[in-house]
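Reading the structure
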Amino acid sequence: MAEGVRCRIAPAPTGYLHVGNARAALYNWLFARHHGGTFVLRIEDTDRKRSTEEAVGIVMESLRWLGLDWDEGPEVEGPYGPYRQSDRMDLYRTATERLLSDGRAYFCYCTPQELEDRRRAALQRGETPGYDGRCRNLSEEQRRSREAAGHPRAVRFAMPGIDITVHDLIRGEAHFPANDLRDFVILRSDGTPTYLLAAAVDDVEMRMTHVIRGEDLLPSTPRQLQLIEALGTPEPPLYGHLPLIVGPNGQPLSKRHGAVAVEGFRKQGYLPEALVNYLALLGWSYDAKTTFFSREELIEKFDLSRVSHNPAAFDPQKLEWMNGHYLREAEDSRLAELLIAELLHDGVAADPITVAAAVPLVKERMRTVIEGASMLRFLFAEEVNPDQKAAKMLGPDRQELLREAASRLEAVEEWRTGEIERVLRRLQQDSGLSAKQAFQPIRAAVTGTLVSPPLFESLELLGRDRTLGRIRAAAGL
RNA sequence: GCCCCCAUCGUCUAGCGGCCUAGGAUCUCGCCCUUUCAAGGCGGAGACACGGGUUCGAAUCCCGUUGGGGGUACCA
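Residues numbered from 1 in each chain as written. Chains lettered and ligands numbered in written order. Predicted model: local features only at pLDDT ≥ 70, side-chain atom pairs only at ≥ 80, totals over all residues. Heavy atoms only, no water.

**Notes on the overall build of chain A**
Across its full length, chain A holds 20 helices and 11 strands. A globule of 477 residues ought to have a C-alpha radius of gyration of about 23 Å, yet chain A, at 31 Å, is considerably larger. Here chain A holds 477 residues, and 49% of them are scored as buried. Taking all contacts inside chain A whose residues are at least 6 apart in sequence as the whole, residues at least 24 apart take part in 76%. Of the roughly 23,400 Å² of accessible surface on chain A, 49% is carried by carbon and sulfur atoms. Counting 61 positive and 70 negative side-chain charges, chain A places the centres of these two groups 4 Å from one another. (Helix = DSSP H or I, 4+ residues; strand = E, 2+ residues; numbered from the N terminus. Rg over C-alpha atoms; globule rule 2.2 N^0.38 Å. Buried < 20%, exposed > 50% of the residue type's maximum accessible area, 1.4 Å probe, protein only. Contact = heavy atoms within 4.5 Å. Areas by Shrake-Rupley, 256 points an atom, 1.4 Å probe, with all protein chains shown as cover. Lys, Arg positive; Asp, Glu negative; His and termini not counted. Charge placed at Lys NZ, Arg CZ, Asp CG, Glu CD.)

Pasting the structure below:
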């Protein structure tokens, strides 16, 4: 660690940033920031068909939205670029050639079909499936004849045939028996590198000191360690494997469980600081008590030794609750902007001044921006269509109350919350009704629902004309 | 099949041999506050997967079982 920490997030541009990747990015970023190190973004797009420019853009946008800025990577570049694997093909080819000439890799002429057949046969015999190494010791003659026959060839890495122990930063040691560590393809027959090769080469070339990634990659670590050693690296990176994020039932997290992409959470009205805080705690904890962490606190306190070992179920409800907390803490002006954007997205051109005035009414009762926006809709609608429950509250027996309310409100001198409240409370007392009995019909008439922001404030914001119009309409006037 | 990882309330977790009558958060239920809904306050219910060891003493250490997840590709 002499030169300082260097770690990275290396997403494949699949068109969105999955929460699992987002969390891995966050932990890497926190780790780098905590140690004053360097956080690198590398795009793993060796699978050309699946990656587009647009997909890369979305990944970067999601990272930025989360506030995870990278020190090296696309757009900012850096001393070990380029940072897209598709721009680094020469490197992989060169590395392969060196491995080939060092005798650490060899050409394999087996076809996918043959491989599949042998694999099935081995499974049937109860043996460990995996490459049997048959092309490893081909004679020069055998090789030549296959070349002459035009057989496609892939390049395989020659594993040393020894047991390997991985020292994991998070979970300690993991032992892998030699028999399960078979020779694997590093360069496909079409000349492109596989993940194992590309990641190993890049981690070495980019001087990564720590590789913190999902547990799904733990079994590939002994292979990469060997590859890295064969590449002549004096000091391989240290590895740490994060527990996977799973769905509510312990199954893999999928779209069926709601949003799984960072972009999706943004669209649903979540705040980045809420997602960051939630994700930080999904697999890591600081102590028994602390739940809320600012970005600075996370940087200061984050520590790999406190990352948990077991899979964590993503809990949308807890995220929502946490989002509510951050919404309440957010600046009013920021919320106003988000609400206006959300309303507009919904086809409502909301007046900014009204929204700004309404923010205090909704900020403490919304859990997402979408929810907040829906609470404000009645302020901008032409007319209201009472929902079922509200309609019940507007039966014939409430008409007199509504009429009286309309006439008294018409006489209010200054259309302010205080005045409105005074008049309506007097009405309530005169009517002999309970507050609930008296005010719910008015709420129903004005907002079309029985659940809304506080009534008197709402009436002020709605304005006298529309308030009276709605009450009268509900009273059948 | 084989290999690897993991195992505390429904969920996220604290716990790293006695401080545990197992703590916090979320969810849920009740009460208070209250014009509705929230927010807030108070209270309740809710977990050490199982079986063996080790030890004066085990949620904590060891072994096994069971369960879950991951891997086993010319995907990443």
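**Regarding the side chain of Lys363**
On the secondary structure map, Lys363 appears in the loop between helix H13 (352–362) and helix H14 (369–380). Here Asp332 takes part through its side chain, which lies 2.7 Å from a polar atom of the side chain of Lys363. Discounting residues that sit within four places of it in the chain, Lys363 has contacts with Leu327, Arg328, Ala330, Asp332 and Leu335. (Polar contact = N/O pair within 3.5 Å; in protein donor to acceptor, adjacent residues only side chain to side chain.)

**Remarks on the nonpolar core**
If you look at the biggest cluster of nonpolar residues, it comprises 103 residues, and the most contacted ones within it are Leu26, Phe314, Leu339, Leu409, Leu424 and Ile442. Looking at this core element by element, the count peaks at 10 residues for helix H1 (residues 19–34). Dropping the residues within four chain positions of it, Ile442 is found in contact with Leu402, Ala405, Leu424, Leu455 and Ile471. Core analysis: the second largest hydrophobic core is formed by 39 residues, Tyr109, Leu138, Ala198 and Val211 among them. (Core = buried A, V, L, I, M, F, W, Y, C linked by side-chain atoms within 4.5 Å.)

**Considerations on the pairing of strand S2 (residues 38–41)**
Across the two faces of S2 the burial is the same, with Thr38 and Val40 and Phe39 and Leu41 all buried. Note on the crossover from strand S1 (residues 6–9) through H1 to S2: the handedness is right-handed. (Right-handed = clockwise from strand over helix to strand, strands pointing away.)

**Regarding the protein's contact with RNA strand B**
Inspection of the region around RNA strand B gives 66 residues, with Arg171, Arg188, Glu364, Arg365 and Arg443 positioned closest. When atoms of RNA strand B within 4 Å of the protein are sorted by moiety, sugar and phosphate together comprise 73%. Between RNA strand B and Arg119, the relevant distance is 2.8 Å, taken from a phosphate oxygen to a side-chain nitrogen or oxygen of the residue. For the surface near RNA strand B, the secondary-structure elements that each account for two or more residues are helix H4 (112–124), strand S4 (154–157), strand S6 (172–176), strand S11 (312–313), helix H11 (316–329), helix H18 (435–447) and helix H19 (455–462). Broken down by class, the residue content of the surface near RNA strand B amounts to 30 nonpolar, 15 polar and 21 charged. (Near = heavy atom within 4 Å. Nonpolar A, V, L, I, M, F, W, Y, C, P; charged D, E, K, R; others polar.)

**Description of the domain arrangement of chain A**
For chain A, the assigned domains read domain 1 (6–74 + 245–313), domain 2 (88–242), domain 3 (331–380) and domain 4 (388–474). The gap between the C-alpha centroids of domain 2 and domain 3 is 55 Å. (Domains from an automatic or database assignment.)

**Brief notes about the sheet that holds strand S7 (residues 184–187)**
The sheet built from three strands is open, its strands ordered S3-S4-S7 with antiparallel pairing. The sheet is open, and its two borders are formed by strand S3 (105–108) and S7, each paired with just one other strand. When strand polarity is set aside, the average angle formed by the axes of neighbouring strands in this sheet is 45°. In terms of strand pairing, S3 meets S4 through four bridges, oriented antiparallel. In the strand pairing of S4, Phe107 is matched with Val155. Most of the contacts of helix H3 (residues 89–101) go to S3, to which it runs at about 100°, and overall it touches S3, S4 and S7. (Pairing = 2+ DSSP bridges. Axes fitted to C-alpha atoms, helices over the stretch in contact; angles between N-to-C directions.)

**Comments concerning the packing of aromatic side chains**
In the structure shown here, the tally under the stated rule is 11 aromatic pairs. Plain terms: the ring middles of Phe265 and Tyr270 are 5.6 Å apart, the flat faces sit at 80° to each other, and that makes the pair edge-to-face. The residues Phe265 and Tyr270 share a single accessibility class, namely buried. Centroid distance Tyr278 to Phe314: 5.3 Å. Interplanar angle 85°. Geometry classified as edge-to-face. Placement of the pair is Tyr278 in helix H9 (residues 272–281) and Phe314 in the loop between S11 and H11, with a sequence separation of 36 residues. On the basis of relative accessibility, which here comes to 5%, the residue Phe314 falls in the buried class. A connected cluster of aromatic rings, assembled from ring pairs, spans Tyr27, Trp284, Tyr286, Phe293 and Phe302. The residue whose ring lies beneath Arg153 is Phe107, and the NZ or CZ to ring-centre distance is 3.8 Å. It is Lys301 that lies over the ring of Tyr286; its NZ or CZ is 4.9 Å from the centre. (Phe/Tyr/Trp six-rings, centres within 6.5 Å; stacked < 30°, edge-to-face > 60°. Lys NZ or Arg CZ within 6 Å of the ring centre and 35° of its normal.)

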